[in-house]
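Structural description and commentary
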Amino acid sequence: TEIMAKDSKANDKYSILLPTYNEHDNLPIIIWLIVNYMDKSGYDYEVIVIDDGSPDGTLEVAEQLQKIYGEDKIVLRPRAKKLGLGTAYVHGIKHATGNFIMIMDADLSHHPKFIPEFIKKQKSGNYDVVSGTRYIGTGGVYGWDFKRKLVSRGANYLTQLMLRPGASDLTGSFRLYKKDVLQKLTEACISKGYVFQMEMIIRARQFNYTIGEVPITFVDRVYGESKLGGSEIFQFVKGLLYLFATT
Ligand SMILES: Nc1nc2c(ncn2[C@@H]2O[C@H](COP(=O)(O)OP(=O)(O)O[C@H]3O[C@H](CO)[C@@H](O)[C@H](O)[C@@H]3O)[C@@H](O)[C@H]2O)c(=O)[nH]1
């Protein structure tokens, strides 16, 4: 059985997408953690850094990390300017060589210790999507002020009420997808901003993909700033209404 287990591990590869914008301080830590947890897991993997011309020199840090960990482990797919999170994923997927794709923030709010749990969950039910959730079981949020908690809870509550999505955390982005599933979902999704995460789950349900959930604790970034602003909230409500009317 040990040989069989090793064989099945040999068939899978995980591409971990890290979109970055001004993550100069966080990148060495997140990559060090990912490498440690993935090396321990025994699965093949690559980390794809999609930097959008960060003025703080994130790309130079990534280049340095590539020298340390190797070009097969750290893949750089930079873009010249800030084109947004949604298109950063699409760009990353194009270059991914794994049959599974893990999507996570690079700012340490998503702890790499959960990656093996996503993998285990996926294997347990052969799920098409495994979504990290802050809203069931041991999941939670640390470090957000009242306003940010209210926005997140409100967005989730409204979406649950209007769209019955079949997952408890719609706005989070810590997720594992089968690569072909993710490709189909990103092709179907029309949103560009934060609302993109929610639309992915709605489309997954629409296409009858199976969704598993893993409780995660989300810790607010220590270094740098969130890019969530008023216009993103407006875009979210607009996207929600659109999906309500069309799905
Ligand atoms: N390449 C690229 N990366 C970006 C861009 N904007 C943000 N990022 C990167 O995307 C990740 C998340 O960005 P933040 O701006 O820190 O997100 P947040 O406000 O903390 O929001 C998180 O929580 C939201 C709600 O729970 C999520 O909706 C969102 O996807 C993200 O996970 C970070 O790694 C950040 O560097 C961009 O335009 N381009």
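Everything below is about the structure printed above this text.
Small disclaimer: the values here were computed from a predicted structure and weren't measured.

1. Points about the nonpolar core
If you look at the biggest cluster of nonpolar residues, it comprises 61 residues, and the most contacted ones within it are I16, L17, L18, V47, I48, I101 and M102. Ranked by the residues each element gives to this core, the list is headed by helix α8 (residues 195-206), at 7 residues. Ignoring sequence-local partners within four residues, the contact set of L17 consists of I48, I50, Y89, G92, I101, M102 and I103.

2. Digging into unusual backbone geometry
We note that N22 has phi near 60°; this positive angle belongs to a residue other than glycine. Position of N22 relative to the elements: it lies in the loop between β1 (13-20) and α2 (27-41). Although it is not a glycine, L108 sits at a positive phi angle of roughly 75°. On the secondary structure map, L108 appears in the loop between β4 (100-103) and α5 (115-125). Residue class for L108 comes out buried when judged on the 21 C-beta atoms lying within 10 Å of it.

3. Focus on the sheet that holds strand β5 (residues 129-133)
Pairing in this open sheet of 7 strands is mixed, and the strands run β3-β2-β1-β4-β7-β5-β8 from one edge to the other. Strands at the two margins of the open sheet, each flanked by one partner only, are β3 (74-76) and β8 (211-215). Across the sheet, the mean angle separating the axes of adjacent strands is 20° when strand polarity is ignored. Here 4 bridges tie β4 to strand β7 (residues 175-178), and the two strands are oriented antiparallel to one another. Across the sheet, the residue bridging to I103 is R175, located in β7.

4. Structural notes on the pairing of strand β2 (residues 44-51)
The buried count for β2 comes to 7 of 8 residues, which makes it a mostly enclosed element. Note that β1 and β2 share 8 bridges and pair parallel. Counted as the bridge partner of I16 is V47 from β2. Direction of pairing for β2 relative to β3: parallel, over a ladder of 3 bridges.

About the cut-offs
Residues numbered from 1 in each chain as written. Predicted model: local features only at pLDDT ≥ 70, side-chain atom pairs only at ≥ 80, totals over all residues. Core = buried A, V, L, I, M, F, W, Y, C linked by C-beta atoms within 7 Å. Buried ≥ 20, exposed ≤ 12 C-beta atoms within 10 Å, placed from the backbone. Helix = DSSP H or I, 4+ residues; strand = E, 2+ residues; numbered from the N terminus. Contact = placed C-beta atoms within 7 Å. Pairing = 2+ DSSP bridges. Axes fitted to C-alpha atoms, helices over the stretch in contact; angles between N-to-C directions.

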